Amino acid sequence: MAIQYSTRIDAAALASLEARLSGDVITPAHPAYDTARRVWNGMIDKHPAAIARCASADDVAVAVRFAGEHELPLAVRGGGHNVAGTAVVDDGLVIDLSAMRAVRIDDSRRTVHVQGGATWGDVDRVTQPFGLATPGGVVSETGVAGLALSGGVSAQRRLHGMTIDNLVSAQIVLADGRTVRASADEHADLHWAIRGGGGNFGIVTSFELRLHELGPEVFSVNVAYPVQDAARVFAGWRDAVAGAPDELSSAAFLWTLPVIPDLPEHLRGLAYAGIDGMWAGDPAEGERRMQPLRELATPLLDMSGRASYLDEQCALDPFFPPGLRYYWKALYLDGLPDAAIAQTVDWTARRESERTLVVIRHLGGATARVGVEETAFGDRSSEFMLSIDATWDDPADDERNIAWTRAYWHDAHRFSQRGKTYFNFPGLLEEGDAAVRSSYGSNHDRLAQIKGRYDPENRFRLNQNIRPAH
Ligand SMILES: Cc1cc2nc3c(=O)[nH]c(=O)nc-3n(C[C@H](O)[C@H](O)[C@H](O)COP(=O)(O)OP(=O)(O)OC[C@H]3O[C@@H](n4cnc5c(N)ncnc54)[C@H](O)[C@@H]3O)c2cc1C
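Calculation criteria
- Residues numbered from 1 in each chain as written.
- Predicted model: local features only at pLDDT ≥ 70, side-chain atom pairs only at ≥ 80, totals over all residues.
- Heavy atoms only, no water.
- 1 Å grid on protein atoms, 1.4 Å probe; cavity = no way out; pocket = protein on both sides within 12 Å on 5 of 7 lines; lining within 4 Å.
- Points joined across faces, edges and corners; volume = space filled by probe spheres on them.
- Nonpolar A, V, L, I, M, F, W, Y, C, P; charged D, E, K, R; others polar.
- Domains from an automatic or database assignment.
- Near = heavy atom within 4 Å.
- Polar contact = N/O pair within 3.5 Å; in protein donor to acceptor, adjacent residues only side chain to side chain.
- Areas by Shrake-Rupley, 256 points an atom, 1.4 Å probe, with all protein chains shown as cover.
- Helix = DSSP H or I, 4+ residues; strand = E, 2+ residues; numbered from the N terminus.
- UniProt positions renumbered as here; feature names shortened; annotations may be inferred.
- Salt bridge = Lys/Arg side-chain N within 4 Å of Asp/Glu carboxyl O.
- Buried < 20%, exposed > 50% of the residue type's maximum accessible area, 1.4 Å probe, protein only.
- Buried area = accessible area lost by both parts, 1.4 Å probe.
- Axes fitted to C-alpha atoms, helices over the stretch in contact; angles between N-to-C directions.
- Parallel < 35°, antiparallel > 145°, perpendicular 65-115°, else oblique.
- Left-handed = near helix turned anticlockwise from the far one by under 90°.
- Contact = heavy atoms within 4.5 Å.
- Pairing = 2+ DSSP bridges.
- Arc of directions from axis to C-beta.

A.B. asks: Lay out empty space enclosed by the protein in plain terms, naming residues and giving numbers.
C.D. replies: Following the criterion strictly, the structure yields three cavities of 30 Å³ or more and no others. Lining the largest cavity are 14 residues, with Met162, Tyr332, Leu363, Thr367 and Phe377 positioned closest to its centre. In terms of residue class, the lining of the largest cavity is built from five nonpolar, five polar and four charged. Taken together, domain 2 (103-214) and domain 3 (217-415) each give at least three residues to the lining of the largest cavity, which thus spans both. The space that makes up the second largest cavity amounts to roughly 50 Å³. Along the walls of the second largest cavity sit Ser150, Gly196, Phe377, Lys420, Thr421, Tyr422, Phe423, Ser439 and Tyr440, which together make up its complete lining. Residues that form the lining of the second largest cavity fall into these classes: four nonpolar, four polar and one charged.

A.B. asks: Quick one: what's the story with the site of the ligand, residue by residue and with numbers?
C.D. replies: Neighbouring the ligand are 34 residues, the closest being Gly78, Gly80, Thr86, Val153 and Tyr422. Within the backbone of Gly143, one N or O atom sits 3.0 Å away from an oxygen atom of the ligand. Out of a free accessible area of 960 Å², the ligand has 97% covered by protein chains. Contributions of two or more residues to the shell around the ligand are made by strand 3 (74-77), helix 5 (144-150) and strand 10 (203-210).

A.B. asks: Describe the UniProt feature "domain: FAD-binding PCMH-type" (unreviewed entry) in the chain, listing the residues and the values that go with them.
C.D. replies: According to UniProt, the feature "domain: FAD-binding PCMH-type" (unreviewed entry) maps to residues 44-214 in the numbering used here. Between the end C-alpha atoms of residues 44-214 there is a gap of 36 Å, over a span that is 23% helix and 26% strand.

A.B. asks: Give a detailed account of the pattern of salt bridges, specifying residues and quantitative values.
C.D. replies: Counted by the stated rule, this structure contains 35 salt bridges. The shortest N-O distance in the salt bridge between Arg37 and Asp34 comes to 2.6 Å. Since its relative accessible area comes to 6%, Arg37 is described here as buried. Of the charged contacts, one joins Asp122 and Arg101 as a salt bridge, the two residues approaching to 2.7 Å between their closest N and O atoms. Of the two residues, Asp122 is situated in helix 4 (residues 120-127) and Arg101 in the loop between strand 4 (93-96) and strand 5 (103-106); the sequence distance between them amounts to 21 residues. A relative accessible area of 11% places Asp122 in the buried class. Here Arg101 falls in the partly exposed class, since its relative accessible area comes to 37%.

A.B. asks: Talk me through the domain arrangement of the chain; I want residue IDs and the actual numbers.
C.D. replies: Structurally, the chain comprises domain 1 (11-96), domain 2 (103-214) and domain 3 (217-415). Each of domain 1 and domain 3 was reduced to a C-alpha centroid, and the two centroids are 35 Å apart. Across the interface of domain 1 and domain 3, roughly 670 Å² is buried in total on both sides, 66% from carbon and sulfur atoms. It is Trp40, Met43 and Val83 in domain 1 that bury the most area against domain 3; as a group they hold 79% of the surface buried on that side. Here domain 1 and domain 3 share zero salt bridges between them. There are four residue pairs in polar contact (both at pLDDT 80 or more) connecting domain 1 and domain 3.

A.B. asks: With reference to specific residues and values, describe the packing of helix 1 (residues 11-20) against helix 3 (residues 57-69).
C.D. replies: Where helix 1 meets helix 3, the closest approach of the two axes is 10 Å, and the angle between their N-to-C directions is 160°. As the angle between them shows, helix 1 and helix 3 are arranged roughly antiparallel. Read as a crossing pair, helix 1 and helix 3 show a hand that is right-handed. Contacts from Ala13, Leu14, Ser16, Leu17 and Arg20 in helix 1 reach Asp59, Val62, Ala63, Phe66 and Glu69 in helix 3. Taken together, the residues of the contact of helix 1 with helix 3 sort by class into six nonpolar, one polar and three charged.

A.B. asks: So what's going on with the sheet that holds strand 5? Which residues, and what values?
C.D. replies: Overall, antiparallel pairing links the five strands, which are arranged 5-6-10-8-9 in an open sheet. Pairing within the sheet leaves two strands with one partner each, and these edge strands are strand 5 and strand 9 (179-183). Going from strand to strand, the sheet's axes swing by 15° on average, the running direction of each strand aside. In the packing of helix 4 onto the sheet, contacts are made with strand 5, strand 6 (111-115) and strand 10, and the angle to strand 5 comes to roughly 40°.

A.B. asks: Please give an account of helix 9 (residues 283-290) that cites residues and values.
C.D. replies: Three or more residues of helix 9 are buried, namely Pro283, Gly286 and Met290. Taken end-on, helix 9 shows its buried residues confined to a sector of 50°, consistent with a single buried face. Next to the buried residues of helix 9 lie strand 12 (217-226), strand 13 (248-256), strand 14 (271-279) and strand 16 (305-308).

Right, dumping it as structure tokens:
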């Protein structure tokens with residue numbers, strides 16, 4: 001069968017791009033094409049005209065100019081984990097940074113420099129031998145870039161803030177191919193915008209993130225309670241974490257125990273109410289202070305204990321494999337009244353797939369001590385974030401899982417006056433401009449101005465798109 005090339009660009013032009021890159025250009029004729037166009041979410045099945053797998057910041061600049069010259073739709077790939085699949089595009093150019101994963105500590109500044117295609121595992125592996133960490137994702141294969149640009153909710157969030165609060169500077173390739181540094185002193189408007197504004201403003205080839213002492217050992221809570229006790233467990237957790245020290249970041253969730261030989265047979269595949277959390281400080285104190293979270297009802301299973309931070313950061317990896325079908329949507333809640341807990345329990349009991357996870361993360365602490373206008377992210381007053389993580393494996397079930405998630409998400413707005421969503425769990429970004437405006441709130445117009453300055457033609461639009469103001 002003949003290989004279908006793009007309708008927008010011919011093979012000769014793509015060959016000329018390849019000649020200018022030190023990295024590779026992967027076209028439909030390339031043996032790696034089918035692997036390279038896949039992202040973490042198995043529902044996403046896009047066919048780019050080409051994938052420019054860049055090896056350097058210069059490559060990224062060349063590829064951006066090329067896409068501009070040929071008016072190709074442009075997608076940017078960091079770790080490829082965004083559930084909406086915005087890292088790939090049909091019949092356009094993917095600028096793929098997955099070969100740019102270098103991580104380097106700057107001792108004198110107590111920061112870490114991270115290339116734009118690195119994963120959180122790459123970062124933790126370099127920083128942890130020095131007992132240092134920067135707050136990132138809780139699954140090691142998740143990309144730094146997407147997560148860091150739209151917020152960043154980590155296991156130590158209440159002590160060290162969101163990832164964006166630790167973003168000291170960034171090297172960015174702009175829509176016209178120029179490279180600039182954004183920090184408090186250089187292009188400060190851009191530095192403000194990328195702390196929450198996502199991939200709207202350019203391609204970050206290198207992040208500089210602040211480091212904190214943490215680990216190598218931490219105390220973590222991980223308890224499974226009977227699902228019948230879910231409402232009591234969630235309410236007990238809410239009360240226990242009210243006014244908790246910043247060292248304690250935790251979540252309450254509803255999920256299904258895996259069917260694995262390590263579990264006693266009677267627990268395999270059982271629905272449960274879970275509490276997990278980490279103490280970002282002395283493990284002995286953590287064990288003492290987190291004890292109440294282990295006594296909210298009679299546990300089915302208590303896997304709490306001391307572990308290395310590095311192991312903790314990989315512990316969830318097996319539960320989120322690439323290739324399954326995922327539709328995740330989030331909402332910041334006004335609070336967690338009993339009625340919101342009842343709603344969580346009720347909707348989750350009716351979920352379409354047993355793989356689906358529903359989680360309420362406790363925020364506050366350092367994440368809330370940053371003013372609305374200090375970063376593009378905007379309002380941080382919500383103490384709880386609901387995330388509905390629908391997960392299933394049969395394409396025939398797509399429609400009903402998505403419909404269930406959306407119905408639940410809409411209903412949950414009863415407990416979310418602002419209706420602010422978290423763009424790292426965006427579903428398929430169906431709400432478009434309306435969600436962008438409501439979620440950025442009073443920061444939206446300033447973001448649109450900055451977008452107009454740096455990307456007036458809206459080249460970087462496969463994201464929570466902020467329309468440029470002209
Ligand atoms: C298993 C799993 C666990 C997760 N855990 C967490 C968590 O603990 N905390 C949390 O906050 N979020 C978490 N997330 C959500 C995560 O933050 C988003 O999925 C995020 O988009 C992933 O970043 P990525 O680089 O892998 O994404 P990609 O899909 O590669 O990119 C997403 C978007 O980011 C932009 N982008 C990517 N790279 C660049 C770049 N170099 N420069 C400019 N723009 C770029 C582009 O607009 C792109 O469309 C998790 C997601 C998954 C799938």
